[in-house]
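Structural characterization, general
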Amino acid sequence: MVYITIIGGIIMSGKYKSLTGDQLYVGMSAEKAMTITDEDISKFGDVSRDHNPMHFDEAFAKNTQFGGIIAHGLISLACCGSVMAEELPGMGAVHLGQTATFKAPVYPGDTITCRCEVIDIKDKSKFYIIQIKETVTNQNGVVVIEGVATIMPPVTAVEYSAL
């Protein structure tokens, strides 16, 4: 995988990299888009053991308040997790906590954009703890999830190309 993305003015290309707490600043952000597929929903249902017919049975789901099959909310939230794990702060980050509000459904075929922005940085002398605001929107600009993640960035910058 080769990609080029700019995160807070730092060019990340060719390999996965990470940013340490002292390289981060409030307002730094990164985002990723993905289209939710029936296969994503099926695989997530298998991994999570969540086979609620809301996610799999069109006949059932069409009679609900959503009018059809919807994706598991955590699929969209996991997209934010991938931004934090692979881009901001990146490889070696540890997810310590999470709050999230699910504001609108995501349907198969929707394209979501997961934006993560550093909103707070605490220097704990031997490590940092950061707060990241997560905003997930669909292709129409509707906010489907808002949340805040608590993250411990790596203490040493890493570069990883084996993925």
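Residues numbered from 1 in each chain as written. Predicted model: local features only at pLDDT ≥ 70, side-chain atom pairs only at ≥ 80, totals over all residues. Heavy atoms only, no water.

Quick look at the state of the cysteines
Covalently bonding the sulfur atom of one cysteine to the sulfur atom of another cysteine gives a disulfide. For the coordinates displayed, the defined rule picks out 0 disulfides. As a non-bridged cysteine, C80 has C116 as the owner of its nearest cysteine sulfur, 4.3 Å distant. Among the residues examined, C80 registers a relative accessible area of 0% and is labelled buried. A relative accessible area of 0% means that C116 is categorised as buried. (Disulfide = S-S within 2.5 Å. Buried < 20%, exposed > 50% of the residue type's maximum accessible area, 1.4 Å probe, protein only.)

What to know about the nonpolar core
Generally speaking, soluble globular proteins have nonpolar side chains that are buried together. Counting 26 residues, the largest nonpolar core has I36, M84, L88, I112, C114, I132 and V136 as the members making the most contacts within it. Elements with a minimum of two residues in this core: helix 4 (73-86), strand 6 (111-123), strand 7 (128-137) and strand 8 (143-152). Looking at this core element by element, the count peaks at 6 residues for helix 4. (Core = buried A, V, L, I, M, F, W, Y, C linked by side-chain atoms within 4.5 Å. Helix = DSSP H or I, 4+ residues; strand = E, 2+ residues; numbered from the N terminus.)

A few points about the environment of P154
Take P154: it is sitting in the loop between strand 8 and strand 9 (159-160). Residues P154 and M91 lie 63 residues apart in sequence; the distance between their C-alpha atoms is 7.5 Å. The contacts of P154, once residues within four sequence positions are left out, are S18, L19, T20, G21, P89, M91, G92 and A93. (Contact = heavy atoms within 4.5 Å.)

Thoughts on unusual backbone geometry
Backbone torsion omega between L88 and P89 reads 5°, so that peptide bond is classified as cis. As for its position among the elements, P89 is in the loop between helix 4 and strand 5 (94-102). A positive phi angle is found at R49, which is not glycine, with a value near 65°. One can find R49 in the loop between helix 1 (38-48) and helix 2 (53-56). Judged by relative accessible area, which is 66%, R49 ranks as exposed. Unusually for a residue other than glycine, S125 sits at a positive phi of about 75°. Checked against the element boundaries, S125 lands in the loop between strand 6 and strand 7.

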